[in-house]
Structure formats: C-alpha cells, structure tokens
Amino acid sequence: MNQRVKAAVLREIGAPLGIEEIELADPGPGELLVEIEAAGVCHSDLHYLQGGLRCPLPVVPGHEGAGRIVGMGPDVREGFSIGDRVALLWRPNCGRCAQCIAGRPIMCELGPVQAQSGGLLDGTSRMRDSHGETVHHLLGVSCFSERVVVPERSVVYVPDDIPPEIAAIAGCAVITGVGAVRNVVGSCLGDAIVVIGAGGVGLSALMGAAAAGAHPLIAVDVDEAKLSLAARVGATATVDGRDGDAVEQVLALVPGGVAWVIEAVGRPETMASAVSMLRPGGTAVAVGLGRVGQTFDVPINELVQRQKRVVGSLYGSSIPQLDLPRIFELYRSGALPLDLLLGERYPLERIGDAFEALQHESLGRSIVLPGA
Ligand SMILES: [Zn+2]
Ligand SMILES: [Zn+2]
C-alpha cells in the first residue's frame, strides 16, 4: 500500500527546497521502509543544491540519516526486524561485485549506478509527486523525508543506546573522518598529522587521530570557533589561515613537515597547501569533495624528489558493517566525543534555515528531525 509522506524536494539547481507530500511505494524485494529519526545537514547536500555536484531532478536530498525499520519488502536477507534502528549509507555494498569481493565495498560497482540513475539498486525510484511524476532518490538515501525506502545493502544496525543524531552523522561525516585515519593513515602513534578544515569530517578525523596517538596533531581552519572546538576534540595546536600563510605556520610548528595531511575542505588552494606541508615521504589524503571537474596543481618534483604521495579516500575507505559498530563502541567509551559535533536541531519545515546556517559557518552539524 503506497503512502504519503512529507519530504523536502529540490526541483531546480539554486531554488529553495520545497516541502511536499510525495507518494512512497512499498519496499520491493530486499528493500526496507525506514522512518527517519534524524538527518544531518552536510556540505555535500549543499553542493547538490547549488549545482557543484549533479544528480537527476527533482530529488529528495539528504544522505546522512538514521531511523527505524517500519516495513520490509520480500526477500530481506540480512536478518533485520521491524523496529530495528539503522544508519543509512549513501554507498550500497552488493557483496557480489569485484570491488566488494576485494574488500572495498565503498567502491561497489552499484554505487555509481544508484547515484547516476537517481533510483535504488535497480535504477528505478520509489517516489512520485502529487502529479504522478517521478521524484529521484539522492544516493539511495533521501533522508530529508519522514520515511524512505532503501536497499537493505545500504543500512547498518544501530544499538538502542546510540542517539539518533549520533547514528545519523556516524553514517557520513564521522565514518569519513575516522575512517580516513583508521583505514588510510593506519598506525600513527607519535606521527605529526595536520587536518585541514574543522567541519564535521575534519573534527571526526581529529578525534580519530587523537585516539590513535598522533602527535603533534594540528588543526587548520579560518574560523576561530571551529578551531577552539578542534582543540577540545584533541588537536594539540591550531593554525588560523587568516593569521598568515597556513603552510608557513605549520612548518614553524613542525620543521621539515608532517607525515600526514588530511584535507577535508576540497578546494584547490587547500589541496596544494596539504602537499606543501608534507615532510619527504609524507602523504596527503583528500577526503573533501570539490566541484565536478575541479583540479589542483602538484609540483612534479615534490612527488619525485621528496617521494610525497597524494591519495583519495571516499567514505573513510571503510567497510561500514565493521567500522560503524566500532565507532559506536568508541563513542560509548568516550574516545570519540561525537556529541561535540552536533549543532542546532530543525524540524523538516525549517530545513531552509538549516542550509542558511550551513553557509554562514554555523558551529556543529545541523540536524533535521523529520518527526518533530
Ligand atoms: Zn555527508
Ligand atoms: Zn558491490
């Protein structure tokens, strides 16, 4: 039985989100109906709203959400039950393609299919507007909605004691930042690490690097409030880009450069700075998305003569089914103080205000509560 739900719809690049009643089809084979408890407002959503990233329109955005299973299609195989709480993932893992088998589920071959079609894994949508026209899914999540239909391969179980807001941000910003440390940097006890950008992803990377024993651990941003938050989550030094060249400031703190830079901004200038901050043999890890087609310059001889490396990491290069339970455990233990990442809460109707706040450098992750 199809149902009507309230959702935020983007009809045109640059237009405000409209709150509409849309028709949601029943979950198909291997799909779940999830009632959204909380949805994070992320810069990647803003890229879609402004056209820096592209997706089929009209679309219900939101890719960082958590909720409760309230319905199940046939052939759900993962042992989920009605009432289970889940975090939603914006990359599915089919478990069968070459990338999934090789242990790189974030590179699952079905991910781009889902992203480009604006549908679920079969490329079709479960949403229609009041005129019967197709409304697309964003990355198979679309959590700026009261309820969603998602593939069971795109969710991870959430224990009852984890707050919905934490579960929501864990599925994107946190796993991206913590995962970059855990899965790309790896062992870093006593290594100098710089994190550029102290938003949700950057702060998560700082928490992960602090927990892993990186030292010194330097946060770079251009916002005083964000830098003081960075210090609270474990940065041993902060660099404000407005006080002069960030590269020079970092090299003054760590003569010779640092072993790792995690770049969570996604701009050409900050990517170039990341490479310049490295010591010989150091690695810059790009985790912040730029606009489609954006590039940056790397001096060739920095790569050859100083053996620097530049690598990319999507979604923390994680295996969400393994990494998310670990993140929840570390949150419980206090090693990842994720509550510090949370900002203001908004009902779905005020989602426009949440994006307004995001563009004016609001502190902490804004959270939309579609049930409020
Ligand atoms: Zn995100
Ligand atoms: Zn796959």
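This part takes up the overall build of the protein. Each helix and strand in the protein was counted, giving 11 helices and 18 strands. Since a compact globule built from 372 residues should have a radius of gyration of about 21 Å, the 20 Å found for the protein is in line with a globular shape. Excluding contacts between residues fewer than 6 apart, the proportion of contacts in the protein whose partners are at least 24 apart in sequence is 69%.

An α-helix turns once per 3.6 residues; consequently, residues spaced three or four apart project the same way. The end-to-end C-alpha distance of helix H10 (residues 320-333) is 19 Å, a good match for the 20 Å that 14 residues give at a rise of 1.5 Å each. Buried within H10 are the following residues: Pro320, Asp323, Leu324, Ile327, Phe328 and Tyr331. The buried residues of H10 occupy an angular sector of 135° when projected down its axis, which confines them to one face. For H10, the exposed residues lying more than 90 degrees away from the buried face are Leu322 and Ser333. Those residues of H10 hidden inside the fold are in contact with strand E6 (85-88), strand E10 (155-158) and helix H4 (164-185). Of the residues flanking the end of H10, it is Gly334, one or two places downstream, whose phi is positive at about 95°.

Moving on: the packing of H4 against H10. Close contact between H4 and H10 brings their axes to 10 Å; oriented N to C, the two are set at 100°. Classified by the angle their axes make, H4 and H10 are roughly perpendicular. On H10, the residues touching Ile166, Ala170, Gly171, Val174, Ile175, Val178, Gly179 and Arg182 of H4 are Pro320, Asp323, Leu324, Ile327, Phe328 and Tyr331. Across the contact of H4 with H10, the residue classes break down as 10 nonpolar, two polar and two charged.

Next up on the list: the packing of H4 against helix H5 (residues 200-211). Closest axis-to-axis distance for the H4/H5 pair is 7 Å, and the angle between their directions is 45°. With respect to each other, H4 and H5 are oriented oblique. Judged by the twist between their axes, the crossing of H4 over H5 is right-handed. Each of Ile169, Ala173, Val174, Thr176, Gly177, Val178, Ala180, Val181 and Arg182 in H4 lies in contact with H5, whose residues at this interface are Gly200, Val201, Gly202, Leu203, Ser204, Ala205, Met207, Gly208 and Ala209.

On to the domain arrangement of the protein. Here the protein is partitioned into domain 1 (3-158 + 337-369) and domain 2 (177-314). Using C-alpha coordinates to define each centre, domain 1 is positioned 29 Å away from domain 2. Across the contact, 14 residues belong to domain 1 and 15 residues belong to domain 2. The element contributing the most residues to the side of domain 1 that touches domain 2 is helix H1 (residues 43-50), with three residues.

Okay, the sheet that holds strand E7 (residues 127-128) next. Spatially, the five strands line up as an open sheet ordered E1-E2-E7-E8-E4, and their pairing is mixed. The open sheet has two edge strands, strand E1 (3-9) and strand E4 (59-60), and neither has a second partner. The pairing of E1 with strand E2 (residues 18-24) spans seven bridges and is classified as antiparallel. Bridging from a neighbouring strand, Ala7 pairs with Glu20 of E2.

Residues Ala87, Leu206 and Val261 are the most contacted members of the largest nonpolar core, which totals 112 residues. If one sorts the elements of this core by residue count, H4 sits on top with 13 residues. Here this core spans two domains, and each of domain 1 (3-158 + 337-369) and domain 2 (177-314) adds at least three residues to it. Contact partners of Ala87, with chain neighbours within four places excluded, come to Ala66, Val155, Val156, Val158, Ala167, Ala168, Ala170, Gly171 and Leu324.

The principal kink in H4, of about 60°, is found at Ala170. Burial of H4 is extensive: 20 of the 22 residues sit out of reach of the surface. The positive-phi residue at the C-terminal boundary of H4 is Gly186, with phi of around 75°.

Relative to strand E15 (residues 278-286), strand E14 (residues 258-263) is paired through five bridges, and the arrangement is parallel. Along E15, the bridge assignment pairs Glu263 with Ala286. In this region the chain leaves E14, passes through helix H8 (residues 268-276) and returns to the parallel neighbour E15; the handedness of that crossover is right-handed. Bridge analysis of E15 against strand E16 (residues 309-312) gives four bridges, and the strand direction is parallel. Residue pairing for E16: Thr283 is matched across the bridge by Arg309.

Procedures and definitions
Residues numbered from 1 in each chain as written. Chains lettered and ligands numbered in written order. Predicted model: local features only at pLDDT ≥ 70, side-chain atom pairs only at ≥ 80, totals over all residues. Helix = DSSP H or I, 4+ residues; strand = E, 2+ residues; numbered from the N terminus. Rg over C-alpha atoms; globule rule 2.2 N^0.38 Å. Contact = placed C-beta atoms within 7 Å. Expected span 1.5 Å × (residues − 1). Buried ≥ 20, exposed ≤ 12 C-beta atoms within 10 Å, placed from the backbone. Arc of directions from axis to C-beta. Axes fitted to C-alpha atoms, helices over the stretch in contact; angles between N-to-C directions. Parallel < 35°, antiparallel > 145°, perpendicular 65-115°, else oblique. Nonpolar A, V, L, I, M, F, W, Y, C, P; charged D, E, K, R; others polar. Left-handed = near helix turned anticlockwise from the far one by under 90°. Domains from an automatic or database assignment. Pairing = 2+ DSSP bridges. Core = buried A, V, L, I, M, F, W, Y, C linked by C-beta atoms within 7 Å. Bend = angle between axes of the 7 residues up to and from the residue. Right-handed = clockwise from strand over helix to strand, strands pointing away.

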